[in-house]
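Coordinates in review
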Amino acid sequence: MTVRYEKAGDVALLAADNPPVNALGLDMRYGLQDGMARALEDGARAVVIYGHGRTWFAGADIREFGKPPKDPMLPDLCNTIEASPVPVIAALHGTALGGGLEVAMACHYRICLGDAKLGLPEVGLGILPGAGGTQRLPRLVGFAKAIEMITTGKPIGAQDAHDTGLVDTLAAPGSDLRAAGLAYAEMLLASGAPPRPTRAIPAPEAVDFDYAQRQVAKKARGQLSPVTALAAVAAAATLSFDDGLAEERRLFNTLMETDQRKGLIHAFFAERQVSKLPELAGVAPRETDHIGVIGGGTMGAGIATAALLARRHVTVIERDSAAAEAGRKRIGTNLAGALRRGKIDQQTHDALRDDHLSTATDYVALAHSDVIIEAVFEDMAVKKQVFAQIEAVAKPGAVLATNTSYLDIDEIAASTSRAADVLGLHLFSPAHVMRLLEVVVGDATAPEVTATGFALGKALGKVSVRAGVCDGFIGNRILSAYRTAADHMILDGASPYQIDRVMEDFGFAMGPFAVADLAGLDIGWANRKRLAPTRQPHERVPAYVDRLCEEGHFGQKTGRGYYVYDDRNRSENPDVIPLIEAERAERGTPARDFTDAQILRRYMAAMVNEAAKVVGEGIARRPLDVDVVLLMGYGFPRYHGGPLKWADLQGLPDLLRDIETFAEEDPHFWQPAPLLNKLVAKGASFDDLNKDAQT
Ligand code: CAA
């Protein structure tokens, strides 16, 4: 029974009970429709709807999207509730989101627990509020607030909802919702309060929708749903309520058909699926209360901050007391930032800084650590030395982790006497902000050590993805392939600025060369030097950027790289094109033109092809793992769903054909991934592999 019915005196109570989030799937819609009818048959003088469990309705059931709709549809259910001849009261708690908030707005009165969150997050799923939200919300809170909520999708707190008129009254957090809803209904009945349909409220004063459109389009960066949602809201200013609803439905249906909707919903489920690994079912993680961090540089300080924010006790080891002090200062700055952004209050900030954090120069201070993460210089000899020192002091059962981005974790593990305790925890900088964690599992890593990596990731608020060992694991290995494709295009005639523009138009916040400047050109330089001894003669690695590094130009941190930086504005560095032209001349490669479409195709084909190799080799378990890594760690535009979802939507046979064509020019770089060949031969998609992995 998804909706439980009860009559208490004159009031009918409908309790929604569809764990985990009371999604408004078909059964729930039936249950509410029947409950309303039964209440009226029973002679109820008021109806209270509330959610059992952890939340009011958190929205439509997203799993139904893309399937044929079934009656009763949510907009009709909302209209039925709103048309009730007796007052209907929504008693809200938890998260009243999307279709859930739309049901609440179709009710006549709203009472809400003080810690609830209310919002219309549909744009984040590539759609718009499709059950009257774009027409009812402006009538309740005005156009400015409605536009903000609907086009950003960001939920608001209960107090804000009360102040703006979205809810009528607040109840203390933790109150008994049934009792609060019932008391409010009885009070309304006693005061003779009539049904109060939101549709009867006149549309508020219009705002400058053209200006709003320009603002929303600018922020949306190619995403269709915010702009389309705004058009639906604007309809409330000019059309009758029913015509506005019809316009909302029309626009909703267009968005439902888009690839962006498919990409965003894939991203939603992939993010939740990614940490579910069959091999970890029933495997208990070890403790993660005390975290040791070796190195207090940017990365180490970020890791320590993330652990502190998760209320862990943290010990940071540095080589001398000056370095330890500098590390403490960096962590202090990070914590102050978290305080400023309202992530922690002053008392918590002080406790984390003064009681939870210690620094030391002697590894002995790590004797009680449950998990020890090294974040020292990327050099195998240095890492091995650090692990030898860790091993000497770590308690039995401590998890020994490396934050390396590239190096062979099996080799590091083999240098210790407890390889089963060793794994990679690859966080992304700044580690207290970026949400991706690659949990890199070595040949010898014990299952409970992997489980501990995932448990720690969850405690730190990260999205954790399992990766196998190879150079660069999932993300950096794929990055290295698409960067190589970009480098080849530059040697053949494209400019870094054209490539950056094309990829930014595709939806990346930054193109690859702007990213290189941000990360520091010295990182790529060191990497090129590291790989030089094993480089094959056919590999084409550009040298022009080494010239910049040799002159001390490392990108943003020195103010000069591919771009010149001046007060956060960037402009093209005039030295770069001449350096590229000189290198082309030296190599005897004539420059040719690339269209924007050709650049996009090659760049994406390289990304997809390498990603398919990563999945085919088992470095990533499923295509969705790759998608999540690129989405969370590499700025891949969420509305394309990740590279392998994008590939599915483009069609794999065409992509494979392109790769084969590119291979005619450069058969070494463009070797089609065996998995791609296999999928095309079977007429299958990457998503089929995701589904197979679930069964
Ligand atoms: N439909 C179907 N399943 C949903 C769902 C939904 N709307 N919301 C959450 N779930 C599922 C999740 O997939 C997850 O399933 P698994 O346990 O199988 O992985 C489970 O519910 C729990 O979700 P979370 O892990 O996300 O739990 P949380 O406590 O971290 O977060 C939440 C809870 C804030 C409600 C979050 O799940 C969320 O943001 N959900 C989506 C809300 C949303 O976008 N609603 C709008 C839907 S679209 C709509 O309503 C259209 C319309 O206008 C008609």
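Residues numbered from 1 in each chain as written. Predicted model: local features only at pLDDT ≥ 70, side-chain atom pairs only at ≥ 80, totals over all residues. Heavy atoms only, no water.

Here we look at the pairing of strand 17 (residues 463–467)
When you tally the buried positions in strand 17, you get five out of five residues, the bulk of the element. A two-sided burial pattern is seen for strand 17, the buried positions comprising Val463, Val465 and Ala467 on one face and Ser464 and Arg466 on the other. Direction of pairing for strand 16 (residues 436–440) relative to strand 17: parallel, over a ladder of five bridges. Its bridge partner lying in strand 17, Glu438 is registered against Val465. This β-α-β element, strand 16 to helix 17 (residues 447–459) to strand 17, shows right-handed connectivity. (Buried < 20%, exposed > 50% of the residue type's maximum accessible area, 1.4 Å probe, protein only. Helix = DSSP H or I, 4+ residues; strand = E, 2+ residues; numbered from the N terminus. Pairing = 2+ DSSP bridges. Right-handed = clockwise from strand over helix to strand, strands pointing away.)

Digging into the site of the ligand
Lining the immediate environment of the ligand, one finds 26 residues, of which Arg54, Gly99, Glu102, Arg272 and Lys276 sit closest. Measuring from an oxygen atom of the ligand, one finds a side-chain N or O atom of Arg54 at 2.4 Å. About the coverage of the ligand: the protein hides 73% of its 980 Å² of free accessible area. Elements represented by at least two residues in the shell around the ligand include exactly strand 5 (95–97), helix 3 (99–106) and helix 11 (259–273). Ranked by the residues each element gives to the shell around the ligand, the list is headed by helix 11, at three residues. Of the residues assigned to the shell around the ligand, the class counts are 15 nonpolar, five polar and six charged. (Near = heavy atom within 4 Å. Polar contact = N/O pair within 3.5 Å; in protein donor to acceptor, adjacent residues only side chain to side chain. Areas by Shrake-Rupley, 256 points an atom, 1.4 Å probe, with all protein chains shown as cover. Nonpolar A, V, L, I, M, F, W, Y, C, P; charged D, E, K, R; others polar.)

Observations concerning helix 27 (residues 652–665)
Taking 1.5 Å of rise per residue, the 14 residues of helix 27 would be expected to cover 20 Å, and the 21 Å separating its terminal C-alpha atoms lies within 8% of that figure. Among the residues of helix 27, Leu652, Leu655, Leu656, Ile659, Phe662 and Ala663 are the ones counted as buried. Down the axis of helix 27, the buried side of the element spans an arc of 120°, and every buried residue falls inside it. In this fold, the buried residues of helix 27 make contact with helix 24 (596–616), helix 26 (643–650), helix 28 (674–682) and helix 29 (686–694). (Expected span 1.5 Å × (residues − 1). Arc of directions from axis to C-beta. Contact = heavy atoms within 4.5 Å.)

Structural notes on the side chain of Lys613
Among the structural elements, Lys613 can be located in helix 24. In this structure Lys613 is buried but unpaired, with Glu610 as the nearest side chain of opposite charge at 4.2 Å. Within the structure, Lys613 has its side chain in polar contact with the backbone oxygen of Gln671 (distance 3.1 Å). In this view, Lys613 contacts Arg477, Gln671, Pro672 and Ala673; residues no more than four positions away in its chain are not counted. (Lys, Arg positive; Asp, Glu negative; His and termini not counted. Salt bridge = Lys/Arg side-chain N within 4 Å of Asp/Glu carboxyl O.)

Focus: the state of the cysteines
What the rule picks out here adds up to zero disulfides. In this model Cys112 remains outside any disulfide bridge; the closest cysteine sulfur is found in Cys107, 13 Å from its own. Exposure remark for Cys112: the relative accessible area of 1% places this residue in the buried category. (Disulfide = S-S within 2.5 Å.)

Things to note about the nonpolar core
Core analysis: the largest hydrophobic core is formed by 99 residues, its most contacted members being Ile474, Ile499, Tyr562, Val626 and Phe686. Tallying contributions element by element places helix 24 first for this core, with 11 residues. Each of domain 2 (288–467) and domain 3 (520–591) accounts for three or more of the residues forming this core. Excluding its chain neighbours within four sequence positions, the residues that come into contact with Val626 are Ile474, Ile478, Ala611, Val614, Val615, Ala620, Pro643 and Leu644. Counting residues in hydrophobic clusters, the runner-up holds 67 residues, among them Ala90, Cys107, Leu118 and Ile150. (Core = buried A, V, L, I, M, F, W, Y, C linked by side-chain atoms within 4.5 Å. Domains from an automatic or database assignment.)

Digging into the packing of aromatic side chains
In this structure the tally under the stated criterion is 16 aromatic pairs. Plain terms: the ring middles of Phe508 and Phe636 are 5.5 Å apart, the flat faces sit at 80° to each other, and that makes the pair edge-to-face. Here Phe508 is found in the loop between helix 19 (496–506) and helix 20 (512–519), whereas its partner Phe636 is found in the loop between helix 25 (623–633) and helix 26, with 128 residues between them in sequence. We note that Phe508, like Phe636, is buried. Here a set of aromatic residues connected by ring pairs shows up, and it is made of Phe506, Phe508, Phe636 and Trp646. The ring centre of Tyr563 lies 4.4 Å from the NZ or CZ of Arg570, which sits over that ring. (Phe/Tyr/Trp six-rings, centres within 6.5 Å; stacked < 30°, edge-to-face > 60°. Lys NZ or Arg CZ within 6 Å of the ring centre and 35° of its normal.)

Examining the packing of helix 12 (residues 298–309) against helix 13 (residues 321–340)
Relative to each other, helix 12 and helix 13 sit at 50°, their axes nearing to 9 Å. The orientation of helix 12 with respect to helix 13, classified from their angle, is oblique. Between helix 12 and helix 13 the crossing geometry is right-handed. Residues Thr298, Ala301, Gly302, Ala304, Thr305, Leu308 and Leu309 of helix 12 touch helix 13, and the partners they reach there are Gly327, Arg330, Ile331, Asn334, Leu335 and Ala338. For the contact of helix 12 with helix 13, the per-class residue count stands at seven nonpolar, five polar and one charged. (Axes fitted to C-alpha atoms, helices over the stretch in contact; angles between N-to-C directions. Parallel < 35°, antiparallel > 145°, perpendicular 65-115°, else oblique. Left-handed = near helix turned anticlockwise from the far one by under 90°.)

With respect to the sheet that holds strand 14 (residues 399–402)
The sheet built from eight strands is open, its strands ordered 12-11-10-13-14-15-16-17 with mixed pairing. Bordering the open sheet on either side are strand 12 (357–360) and strand 17, each of which pairs with just one other strand. On average, each strand axis in the sheet is inclined to that of its neighbour by 25°, with strand direction left out of account. Sheet analysis places strand 10 (residues 290–294) next to strand 13 (residues 371–374), joined by four bridges and oriented parallel. Counterpart to Val293 in the pairing with strand 13 is Ile373. The sheet contacts of helix 14 (residues 346–356) involve strand 11 (313–317) and strand 12, and relative to strand 12 the element is tilted by about 30°.

Considering the pattern of salt bridges
Taken as a whole and assessed by the stated rule, the structure comprises 45 salt bridges. Asp17 serves as the salt-bridge partner of Arg4, at 3.6 Å between the closest nitrogen and oxygen. Taken together, the residues span a long stretch of sequence, with Arg4 in strand 1 (residues 3–8) and Asp17 in the loop between strand 2 (11–16) and helix 1 (26–41) at a distance of 13 residues. Using a relative accessible area of 34% as the deciding quantity, one classes Arg4 as partly exposed. Its relative accessible area of 23% is what places Asp17 among the partly exposed residues. Across the pair Asp546 and Arg528 runs a salt bridge whose closest N-O atoms are separated by 2.8 Å. Here Asp546, found in helix 22 (residues 544–550), pairs with Arg528, found in helix 21 (residues 521–531); they are 18 residues apart in sequence, far enough to count as distant.

Thoughts on the environment of Asn527
Tracing the chain through its elements places Asn527 in helix 21. Classification of Asn527 by relative accessible area gives buried; the value is 15%. Separated by 121 residues in the primary sequence, Asn527 and Tyr406 have C-alpha atoms spaced 9.3 Å apart. Reaching out from Asn527, the side chain makes a polar contact with the side chain of Arg530 at a distance of 2.8 Å.

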